[in-house]
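# Tertiary structure, described
So the chains spell out like this:
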Amino acid sequence: MRLMGARTLLSHSFRIAWKDVLELYRNKLGLVLLIVMPLFMMAMVGFIYPTSGSSVSNQPIAIVNSDAGYNNSMIASQTFTSVLQQINSKTDTMKLTTASSAADIKNLIQRGDIEGGIVIPSNFSASLASGKQGTVVIITDQSNPQVSATIETLLSSVFSEMNTMIAQQKVQALGITANDSLATVQPFKVKMQGVVPGVPNYFDFVAPGIMAMVVMMSVMTGLPAAISQEKEIGTMDGMMVAPINRLSIILGKTLGQTVRGLFQGLIILVLAVGLFGVTIQGSILLVFGLLLLGVFSFVGLGIVITSFAKDQQTATMLMMTLMFPMMFLSGIFFPIQQMPWYMQDISKVLPLTYASTALRKVMVLGAGIPDITTELTILIVFGVVMTAIAVPVFRRMMTR
Amino acid sequence: MSSTTLVSADRISEGDSMIRVENLTKKFGDFVALDDVSFDVKKGEIFGLLGPNGAGKSTTLRILSTLARPTKGTALIGGYDIVKNDTEVRKLIGIVSEKMIMYDRLTARENLWFFGSLFEIPSDVLTQRIDELLDLVQLTKWKNVLVGTFSTGMRQRMNVVRALLNMPRVLFLDEPTLGLDPQSSVEIREFVKKLNRENGTTIIVTTHTMVDADMLCDRIAIIDHGKVVALDTSINLKKLISGGNSTILKLGVPNLTADLLETLRTLDCVQSVSQENSTNVRLIARGDDAFDSVIDAVRSKGGKIASIENIQPTLEDVFLHLTGHEVRDSADQKIPQERHRRFGTPQRRVR
């Protein structure tokens, strides 16, 4: 008897879901947007957000060499300039020009001709020769912190190169061969090695997160919109007067939205692999399993919102309000570790965080189910709790 | 949901009432939409709920069709309680809502198939029934066309046959001719009559147009402000006026003044006065000397009587007689309230 009930419940849900999918399929513009939206999203985050310092290129930077020299020798400042140019020529981070003075640089920055400047002070050689530290001044456009960070990174690598050169010269003078001199000066070296072969790019980082986000959001926004729309045009009454369980209505609508969401997820996956060179290390099946679990964890929230929102517009607005913090706090675009602690705490209560983390582990690192049990557990618990809240709320809403 | 209380299937017997409404009350916050309404609908009857917008007709229909819960009281349909046995009730009923229940992006056939599949109908039976129903309303030609391209008349016919998919014993029609041209209205009325005649379907129809009520219904309940103010056949309702020694007079007075109207209103024998246009006055008067006193009053104020007519009462007059205001009057005032109720926040509703 109970089994029969479950079977009719499911069969009614499938019919409602099928009707929704058929409606979606007939909506050609909607279908096109379903493909275009993730494409825009991927392109946007991929090309606009800076991946690292090296993405900045050809920043106009001016150099002022006011080095007075020491004993008529300006070797120190000349070495600095040539090493700087040598390192810059590898990455083309800066477009170097010369300026006459520090005041000139400030002037040029204010006019917007250059983004920053490097000043070698007059006592540069003298300080070095007298055993003091040689100081170089960076003048930056404070309205653009990115530039000063870039220049600073570049200069520190110039200095470390110079330090090594000077030290090597000094130890060679002590009778150590040129080959061994580097090991003597710098006995330690760092070599980066990842868990998986190859160099992951920003898309590898961002694609799993976007997939999780788009699939869940599409269900979460789609469900309230779909249900309140049916209420508004009156077709909900047509389902309500049929002798079917109220649950099959919500289940059917959820199924329909899930199909839509997973279809979008699939599009993102295809785009990520085909267009943006993302490689998937783990199992595709697990990826979709995770997306489904993510949907499950979100559906409850969607239903609660559906029950509270009077009309489609309110439902959509409510969802947008919830969507934005989730988008930025769930570590989709920026690693959570970079956020301040209080923001990290907020992100820990968002299910999207766990879905995208788990998805990233599977897609980028080739993780299996045992590696993501924590995330899985949290998603399941979240889903069960939200559904337990949502079902009675929905029942009340339906019969008032 | 409903299997907790088992009710034997043969509780419906011939001659019994099909619908029994008992002390139905519905409140939305402080607003009383239905105030202790009771009535019976006989098996195979066409029963009309007549009243202005916001009188409580649609609320009654929504409660009877299990779409809303009563605040107090209950109703039995075919012996099943609409609250406790809602699933059983749903098997017996069909509803033609004021809103068109159909999906624009689905074809006529797909729409009917979807709603039909929610009932336990074997698929071969359903296929055949859909074809028959489409044929019945001359939509066979359009069965594979998207409903979104249909005209209002075609959509309303779709809306009606959708409610017939489960062969309901009771059919609810909420303003079935609203917004239709006269020809489509006639078609719908004929269709409803035919359905009632051939299948013995019990029909409850809400309307605020007197023509519908007059031409369609066996019995009419006049509802105003959530209360049933009268319930009888159309003929008997009209007798409330003529039988009660009342006369309806239509006066043509070319030099009609406000002062004259006021004088008529204050006459003892006059029950109600309504001005139809700048020269015509319609009034309900009582007593044997009604004619004389009215004519005397007009003459005394210097009014010229161009024409005088003793006319047969209409349901409009009955409504006026019973409630003291016209259907149209209150219809205009009550529209916002109706909206407030339908889209009002669920939390504020008291069950």
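Worth saying up front: this structure is predicted, and the values here are computed from it rather than measured.

The next subject is the interface of chain A and chain B. Taken together, the 33 residues of chain A in the interface contact 36 residues of chain B. Summing the contributions of chain A and of chain B, the shared interface buries around 3100 Å²; its carbon and sulfur component is 62%. The interface formed by chain A and chain B contains two salt bridges. Residues B:Glu110 and A:Arg26 are paired through a salt bridge, measuring 2.7 Å at the closest nitrogen-oxygen approach. Inspection of the region where chain A meets chain B yields nine residue pairs in polar contact (both at pLDDT 80 or more). At the level of elements, α1 (2-26), α8 (202-233), α9 (235-240), α11 (284-308) and α15 (373-398) of chain A are the ones that each hand at least two residues to the side of chain A that touches chain B. Among the elements that make up the side of chain A that touches chain B, the one with the highest residue count is α1(A) (eight residues). Per-class residue counts for the side of chain A that touches chain B are eleven nonpolar, nine polar and 13 charged.

Attention now goes to the side chain of B:Glu175. Residue and element names in this part refer to chain B. With respect to the helices and strands, the residue Glu175 is situated in the loop between β7 (170-174) and α6 (182-199). Glu175 gets classed as buried once you look at its relative accessible area, which sits at 7%. Ignoring anything within four residues of it in the chain, the contact list for Glu175 reads Asn53, Lys57, Glu98, Gln156, Thr206, Thr207 and His208.

It is worth spelling out the pattern of salt bridges at this point. Residue and element names in this part refer to chain A. In the structure shown here, the tally under the stated rule is 25 salt bridges over all chains. Its salt-bridge partner being Glu230, residue Lys19 comes within 2.7 Å of it at the nearest N-O pair. Of this pair, Lys19 sits in helix α1 while Glu230 sits in helix α8; the two residues are 211 residues apart in sequence, bridging distant segments of the chain. Since its relative accessible area comes to 2%, Glu230 is described here as buried.

Summing up the model confidence of chain A, the mean pLDDT is 82 and the portion of residues at 70 or higher is 94%. The secondary-structure element of chain A with the lowest mean pLDDT is helix α7 (residues 178-185) of chain A, recorded at 76, while α9(A) shows the highest, at 90.

Residues and elements named next belong to chain B. Across the sheet, four strands lie side by side as β12-β13-β11-β14; this open sheet has antiparallel pairing. At either margin of the open sheet sits one strand with a lone partner, and together these are β12 (270-275) and β14 (307-311). Each strand axis lies, on average, 20° off the axis of its neighbour in the sheet, ignoring direction. Where β12 meets strand β13 (residues 280-286), five bridges bridge the pair, whose relative direction is antiparallel. Counterpart to Ser272 in the pairing with β13 is Ile284. Along the sheet, helix α9 (residues 258-266) contacts β12 and β13; its crossing angle with β12, the most-contacted strand, is approximately 155°.

Residue and element names in this part refer to chain B. With 18 residues, α6 should cover 26 Å at 1.5 Å per step; its first-to-last C-alpha distance of 26 Å lies within 8% of that length. All of the buried residues along α6 are Ser184, Ser185, Ile188, Arg189, Phe191, Val192, Leu195 and Asn196. Looking down the long axis of α6, one finds its buried residues gathered within 160° of arc, a one-sided arrangement. Turned more than 90 degrees from where α6 packs its buried face, Pro182, Gln183, Arg197 and Glu198 sit exposed. Contacts from the buried residues of α6 go to β3 (46-50), α4 (123-136), α5 (152-162), β7, β8 (202-207) and α7 (210-216). One side-chain oxygen at the N-terminal end of α6 lies 3.1 Å from the backbone nitrogen of Gln183; it belongs to Asp181.

About the thresholds
- Residues numbered from 1 in each chain as written.
- Chains lettered and ligands numbered in written order.
- Predicted model: local features only at pLDDT ≥ 70, side-chain atom pairs only at ≥ 80, totals over all residues.
- Heavy atoms only, no water.
- Contact = heavy atoms within 4.5 Å.
- Buried area = accessible area lost by both parts, 1.4 Å probe.
- Salt bridge = Lys/Arg side-chain N within 4 Å of Asp/Glu carboxyl O.
- Polar contact = N/O pair within 3.5 Å; in protein donor to acceptor, adjacent residues only side chain to side chain.
- Helix = DSSP H or I, 4+ residues; strand = E, 2+ residues; numbered from the N terminus.
- Nonpolar A, V, L, I, M, F, W, Y, C, P; charged D, E, K, R; others polar.
- Buried < 20%, exposed > 50% of the residue type's maximum accessible area, 1.4 Å probe, protein only.
- pLDDT = per-residue confidence, 0-100.
- Pairing = 2+ DSSP bridges.
- Axes fitted to C-alpha atoms, helices over the stretch in contact; angles between N-to-C directions.
- Expected span 1.5 Å × (residues − 1).
- Arc of directions from axis to C-beta.

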